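What follows is each chain in one-letter form.
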Amino acid sequence: MPLLGAHMSIAGGLHLAFTRIRKVKGEALQIFLSNQRQWKTPPLTAEMIENFRLQWQKNRSIVVAAHDSYLINLAAPDQITVEKSVTAFADELVRAAVLEIPFLITHPGSHRGQGVEAGLESFVHNLDSAITLSKTSTVSVLIETTAGQGTNLGSKFEEIGFILRESRYRDRLGVCFDTSHAFAAGYDFRTPETYAETFSLFDQIIGLQRLKFFHLNDSKRLLGSRVDRHEHIGKGEIGLKGFRLLLNDPRFQNHPMVLETPKGKDLKEDRRNLKVLRSLITA
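Quantities reported herein were computed from a predicted structural model and do not represent experimental measurements.

Parameters and conventions
- Residues numbered from 1 in each chain as written.
- Predicted model: local features only at pLDDT ≥ 70, side-chain atom pairs only at ≥ 80, totals over all residues.
- Heavy atoms only, no water.
- Pairing = 2+ DSSP bridges.
- Helix = DSSP H or I, 4+ residues; strand = E, 2+ residues; numbered from the N terminus.
- Axes fitted to C-alpha atoms, helices over the stretch in contact; angles between N-to-C directions.
- Contact = heavy atoms within 4.5 Å.
- Buried < 20%, exposed > 50% of the residue type's maximum accessible area, 1.4 Å probe, protein only.
- Right-handed = clockwise from strand over helix to strand, strands pointing away.
- Phe/Tyr/Trp six-rings, centres within 6.5 Å; stacked < 30°, edge-to-face > 60°.
- Salt bridge = Lys/Arg side-chain N within 4 Å of Asp/Glu carboxyl O.
- Polar contact = N/O pair within 3.5 Å; in protein donor to acceptor, adjacent residues only side chain to side chain.

1. What to know about the sheet that holds strand β6 (residues 173–178)
- Strand order in the closed barrel formed by eight strands is β1-β2-β3-β4-β5-β6-β7-β10, with parallel pairing between adjacent strands. On average, adjacent strands in this sheet sit at an angle of 30° to one another, irrespective of strand direction.
- As paired elements, strand β3 (residues 63–67) and strand β4 (residues 103–106) share three bridges and run parallel to each other. In the sheet register, H67 faces β4, and the bridge partner there is I105.
- Against the sheet, helix α1 (residues 16–23) makes contact with β1 (3–7), β2 (28–32) and β3, and its axis sits at roughly 140° relative to β2, the strand it touches most.
- Contacts from helix α9 (residues 268–279) reach β1, β7 (211–216) and β10 (256–259) within the one sheet, and its direction differs from that of β1 by about 160°.

Listed below in structure tokens is the structure:
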């Protein structure tokens, strides 16, 4: 069966994310590695690393991924943002490597008016620079599908395919498929026919072997709206049928899939969403 879980807060310490994911009986976990609203963050201490490793050892079956800071824009046209983004992304890779986290998920960034082609070329160049600067080798970078809001890149499979082909580190790259983003970008998967068509297209352009991780979010907005608004499972425009098809696809039976839906500190929303998702699994 798919490995279901959620993005969890690291408030109070990175290791507390494991306490939170256990409360919802999750099998997959996504976290930020630092305060995602600040460019400069203090380095990981020996105590932080040890606490994280000890908690993960107690929950070794949980698959863990990190998501980079939303401030990072490796496709930016201005040099100041690029320099900050390359340095910050390299730091994120180092943090993930030290914590032995296998995946770092990132958005392809925003071209901010320079155009899609120029933006993609900038992203690839700056991504490669950040990986080189990090001197890491163990962390896979997963490019996340996006809704295409504004000048954001990555809403078309062709754009992500370009990144995976052109990077010098293509062997370290994969994809994180966000259901809400893909739906808002115009990829339908609510019926057996549209589901087959969407993932056949993904396979042709990117390759299903590149798909390593899922974000499971319903969408508040309509198909092709290009607006990124997450909704609770079954409460949005995707509906339960689309998630049922995905969760029972034998090609993704061992893939980690995490929620990024709104929730409070008591995590009751995560419990409800995970209960709904698990009820859809028939295999």
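2. As for the pairing of β3
- Here β3 lies mainly inside the structure; four of its five residues are buried.
- When β2 meets β3, the two strands line up parallel, connected through five bridges. Residue pairing for β3: A28 is matched across the bridge by V63.
- Handedness of the β-α-β unit built from β2, helix α2 (residues 46–58) and β3 comes out right-handed.
- Following the backbone out of β3, through helix α3 (residues 79–98) and into the adjacent parallel β4, one traces a crossover that is right-handed.

3. Quick notes on the packing of aromatic side chains
- The full count for this structure, using the stated rule, is 15 aromatic pairs.
- Ring geometry for F177 against F214: centres 5.8 Å apart, planes inclined by 55°, an arrangement best described as tilted. Of this pair, F177 sits in strand β6 while F214 is found in strand β7, placing the two residues 37 residues apart along the sequence.
- Ring centres of Y195 and F199 lie 4.7 Å apart, and the angle between their planes is 45°; on these two criteria the pair is classed as tilted.

4. Here we look at unusual backbone geometry
- Notably, E100 is not glycine yet its phi reads approximately 65°, a positive angle.
- Secondary-structure assignment places E100 in the loop between α3 and β4.
- E100 sits in the partly exposed class, given a relative accessible area of 46%.
- Even without being a glycine, R226 presents a positive backbone phi close to 60°.
- Here R226 shows up in the loop between β8 (218–219) and β9 (230–231).

5. Things to note about the pattern of salt bridges
- Tallying each qualifying case throughout the model produces six salt bridges.
- The partner of R95 in a salt bridge is D91, and the shortest N-O contact between them spans 2.8 Å. Of this pair, R95 and D91 both sit in helix α3, four residues apart, which is roughly one turn of that helix.
- A salt bridge links R251 to D249; the nearest nitrogen and oxygen atoms lie 2.7 Å apart.
- Overall, the relative accessible area of 6% leaves D249 in the buried class.

6. Overview of the side chain of T179
- Here T179 lies in helix α6 (residues 179–184).
- Within polar-contact distance, the side chain of T179 engages the backbone oxygen of N217 at 2.7 Å.
- Leave out the neighbours within four places in its chain, and T179 touches F189, H215, L216, N217, I238, F243 and L246.

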